[in-house]
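# A look at the structure
This is what each chain is made of:
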Amino acid sequence: MPEAKYLTKDGAESRTITLDGPLFEAEPNRHVLQEYVVGYLRNQRQGTSCTLNRARKMGGGRKPYRQKGTGRARAGTRNSPVWTGGAVAFGPTPRDHYRKMPRRFKRQALISAFSLKASEGQIKIVEKPEMNEAKTKNMADYLKNLGVYHQKTILLYEGRDDKLSLASKNIKYFDAKPAELINPYDLLWHQNVLITEDGLARIKEIFGNG
């Protein structure tokens with residue numbers, strides 16, 4: 001049964017917490033994780049890239065010069081892709097990259113991601129930082145005390161905390177979000193997963209059953 005260290009906001013290790021339940025004890029399915037990451041990244045694409053192909057390019061209706069007698073290669077339009085300023089051949093056009101991922105599949109990916117992080121010892125239970133004001137310096141000092149500053153780190157907490165969220169926006173490689181918004185991609189991308197005790201309870205409540 002995997003365990004996680006409990007760290008105070010000063011970075012002191014006070015105890016260990018057992019990560020029990022199906023979320024943390026399953027065998028990670030790497031194929032499911034790979035399929036989820038591909039689908040997730042596809043769904044982030046806007047699909048709006050577009051180029052001027054022959055159909056979209058205006059003009060070019062007149063033959064540039066006569067067919068014979070000039071010594072040049074024959075040409076029927078200035079919109080030819082081989083001409084400078086001509087149309088683009090086989091360029092990207094607007095398309096929908098969306099890939100539907102069933103709820104059961106996403107849940108299996110989340111369980112695999114949590115179990116993988118737990119088995120590698122990358123989950124830590126932490127004391128939630130107290131933010132009297134939304135200052136980046138306060139959050140940076142908190143991360144330095146935990147020894148994860150400038151590392152890929154995500155902090156999961158329970159409920160809504162606007163000051164904590166604002167104080168986290170300008171720190172490179174760091175993200176903080178409510179526990180119920182976690183997804184497998186965030187877990188896999190970040191090296192360190194910090195979870196408050198309330199956040200852990202919330203994760204088990206939402207994703208631990210069914």
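This text goes with the structure placed above it.
Please read these numbers as outputs of a predicted model, since none were measured by experiment. (Residues numbered from 1 in each chain as written. Predicted model: local features only at pLDDT ≥ 70, side-chain atom pairs only at ≥ 80, totals over all residues. Heavy atoms only, no water.)

### Quick look at the sheet that holds strand β2 (residues 13–18)
Within the open sheet, the six strands sit side by side as β2-β1-β3-β6-β4-β5. Their pairing is mixed. Every interior strand has two partners, whereas the edge strands, β2 and β5 (174–178), have only one. If you compare each strand with its neighbour and ignore which way they point, the axes differ by 25° on average. Where strand β4 (residues 153–157) meets strand β6 (residues 192–196), four bridges bridge the pair, whose relative direction is parallel. (Pairing = 2+ DSSP bridges. Helix = DSSP H or I, 4+ residues; strand = E, 2+ residues; numbered from the N terminus. Axes fitted to C-alpha atoms, helices over the stretch in contact; angles between N-to-C directions.)

### Structural notes on the pattern of salt bridges
Taken as a whole and judged by the stated rule, the model has 11 salt bridges. With a shortest N-O distance of 3.0 Å, Asp-141 and Lys-137 are connected by a salt bridge. Taken together, the residues span about one helical turn, with Asp-141 and Lys-137 both in helix α4 (residues 136–146) at a distance of four residues. One salt bridge connects Asp-186 with Lys-177, and the closest N-O pair in it is separated by 2.6 Å. Exposure remark for Asp-186: the relative accessible area of 8% places this residue in the buried category. Taking the relative accessible area as the measure of exposure, Lys-177 reaches 16% and is therefore buried. (Salt bridge = Lys/Arg side-chain N within 4 Å of Asp/Glu carboxyl O. Buried < 20%, exposed > 50% of the residue type's maximum accessible area, 1.4 Å probe, protein only.)

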